[in-house]
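Observations on the three-dimensional arrangement
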Amino acid sequence: MFRKYFLSNRIYYIILNLFLLIIFITALKSCTKQVTTVKSSDEIRSAIIKRVVNNEHLPYSDIRISIQDRIVILQGEAPTLYIKEKAAQVIKTIKEVRTVINRLKLKEYHVNDARLQNQVYDSLKTNMLTKNSQIESSIRLGVATLKGVVHLNAVKKCASSIVKKIHGIKGVYNDLYISPRFNITGVKIKETLLFSLKNNPFVYNRFIDVKISNGVVTFSGMVGSMAEKQEVRYIAQKIGVKK
């Protein structure tokens, strides 16, 4: 009886050790595969250049890129505040990049505050999303402050983007207050959606179409991943789309 008990225990320990060995080998293969799939600096640089070249807002010739342990460092001059921020946002969408250190400097244009004030006013009044909004702007030492009331978060972000694209603007304080309204037309919603999709670095909007019928928003086209599809839905929810 003792011998039978001893044999059964021995078989149990052999099976247990084999099971643990299989788990160890599987984990080791997974780690090895993970290490071998980490891209080199040259491959990451190629991915960055490809992503930047496909973006009409980023002049790659003015941006110097260095990579250390998958950390991307941006140096050089950016013509506008918008391009400086957009460069970092676009590069962060590359999954192999751990983080981005943005050392881009703004190009000096020596534009006085009065002239910048006029450019900000004209830009906000000629944009389809902001021209009818109650937005007041002031400029001090190249830094713009926006105050007033808008009806959508997307319009608030649009106002910042518009001002950041002006040469000579060094910073933007956006103090716009959002007061939602519920009688927004379908055309206005579509314009807002298209603008938000175009300016979101996580969405490649060229293959996305927006249609609105009877208050229902329909997206069609093609996205690169489930995360991108969820981001499109999140953008719609942020501007107040219910269905």
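Heads up: the structure comes first, above all this text.
Overview of the structure.

Criteria and thresholds
Residues numbered from 1 in each chain as written. Predicted model: local features only at pLDDT ≥ 70, side-chain atom pairs only at ≥ 80, totals over all residues. Heavy atoms only, no water. Helix = DSSP H or I, 4+ residues; strand = E, 2+ residues; numbered from the N terminus. Buried < 20%, exposed > 50% of the residue type's maximum accessible area, 1.4 Å probe, protein only. Areas by Shrake-Rupley, 256 points an atom, 1.4 Å probe, with all protein chains shown as cover. Salt bridge = Lys/Arg side-chain N within 4 Å of Asp/Glu carboxyl O. Core = buried A, V, L, I, M, F, W, Y, C linked by side-chain atoms within 4.5 Å. Contact = heavy atoms within 4.5 Å. Pairing = 2+ DSSP bridges. Expected span 1.5 Å × (residues − 1). Right-handed = clockwise from strand over helix to strand, strands pointing away. Phe/Tyr/Trp six-rings, centres within 6.5 Å; stacked < 30°, edge-to-face > 60°. Lys NZ or Arg CZ within 6 Å of the ring centre and 35° of its normal. Axes fitted to C-alpha atoms, helices over the stretch in contact; angles between N-to-C directions. Parallel < 35°, antiparallel > 145°, perpendicular 65-115°, else oblique. Left-handed = near helix turned anticlockwise from the far one by under 90°. Arc of directions from axis to C-beta.

1. As for the overall build of the protein chain
Counting its regular elements, the protein chain contains 7 helices and 9 strands. The burial tally for the protein chain puts 32% of its 243 residues in the buried class. When the accessible area of the protein chain is evaluated, it comes to approximately 16300 Å², of which 56% is carbon and sulfur surface.

2. So, the pattern of salt bridges
One pass over the full model with this rule turns up 2 salt bridges. Taking the shortest distance from any N to any O, the salt bridge between Asp69 and Arg98 comes out at 2.7 Å. Of the two residues, Asp69 sits in the loop between strand S1 (63-68) and strand S2 (71-78) while Arg98 sits in the loop between helix H3 (81-92) and strand S3 (99-102), which places them 29 residues apart along the sequence. Judged by its relative accessible area of 57%, Asp69 is exposed. When its relative accessible area of 47% is taken as the criterion, Arg98 is described as partly exposed.

3. Observations regarding the nonpolar core
In a soluble, globular protein the nonpolar side chains are often hidden away together inside. Counting 21 residues, the largest nonpolar core has Val120, Leu124, Ile135, Leu146, Val163 and Ile169 as the members making the most contacts within it. Contributing elements (two or more residues each) for this core: helix H4 (113-126), strand S5 (134-140), strand S6 (143-150), helix H5 (153-164) and strand S7 (171-178). Contacts of Ile169, omitting those with residues within four sequence positions, involve Leu81, Leu106, Leu116, Val120, Ile139, Gly142, Ala144 and Val163. Formed by 15 residues, the second largest nonpolar core is a distinct cluster that contains Val52, Ile67, Ala87 and Leu104.

4. Examining the pairing of S1
Residues of S1 alternate between two faces, with Ile63, Ile65 and Ile67 buried on one and Arg64, Ser66 and Gln68 left unburied on the opposite face. Bridge count for S1 against S2 is 6 bridges, and the pairing is antiparallel. Looking at the pairing, Ile65 lines up with Leu74 of S2. In textbook terms, the turn of a hairpin is the stretch between consecutive antiparallel strands, and for S1 and S2 this stretch comprises 2 residues, one of which, Asp69, has a positive phi near 55 degrees.

5. Digging into H5
With 12 residues, H5 extends 17 Å between its outermost C-alpha atoms, agreeing within 8% with the 16 Å of an ideal straight helix rising 1.5 Å per residue. Among the 12 residues in H5, 9 count as buried, and that is most of the element. Of the residues making up H5, those classed as buried are Ala154, Val155, Cys158, Ala159, Ser160, Ser161, Ile162, Val163 and Lys164.

6. What to know about the pairing of S2
As paired elements, S2 and S3 share 4 bridges and run parallel to each other. Each residue of the ladder has a partner; that of Ile73, found in S3, is Ile101. Read from S2 through H3 to S3, the crossover connection turns out right-handed. Strand direction decides the pairing type here: S2 and strand S4 (residues 105-106), joined by 2 bridges, are parallel. Across the sheet, Ala78 pairs through a bridge with Leu106, a residue of S4.

7. So, the packing of aromatic side chains
Per the stated rule, a full pass over the model turns up 0 aromatic pairs. When the ring centre of Tyr82 is taken as origin, the NZ or CZ atom of Lys165, which lies over that ring, is 4.6 Å away.

8. Considerations on the packing of H4 against H5
Where H4 contacts H5, the two axes come as close as 10 Å, and the packing angle between them is 135 degrees. The angle between H4 and H5 places the two elements in the oblique class. Every pair of crossing elements has a handedness; the one defined by H4 and H5 is right-handed. Contacts between H4 and H5 involve Val120, Ser123 and Leu124 from the first element and Ala159, Ile162 and Val163 from the second.

9. Details of H4
Taking 1.5 Å per residue, 14 residues should reach 20 Å; H4 reaches 20 Å between its end C-alpha atoms and fits that length. Those residues of H4 that sit buried are Leu116, Val120 and Leu124. Taken end-on, H4 shows its buried residues confined to a sector of 65 degrees, consistent with a single buried face. Residues Ala114, Arg115 and Thr126 are exposed on H4 and point more than 90 degrees away from its buried face.

10. A few points about the sheet that holds S6
One open sheet holds the 3 strands; their spatial order is S5-S6-S7, and the pairing between them is mixed. Looking at which strands have only one partner, the edges of the open sheet turn out to be S5 and S7. Neighbouring strand axes in the sheet, compared pairwise and without regard to direction, differ in orientation by 10 degrees on average. With 8 bridges joining them, S6 and S7 adopt parallel strand pairing. Residue pairing in the sheet places Leu146 in a bridge with Asn174 of S7. Seen against the sheet, H4 touches S5 and S6 and runs at an angle of roughly 160 degrees to S5. Running over the sheet, H5 touches S5, S6 and S7 and is turned about 160 degrees from S7.

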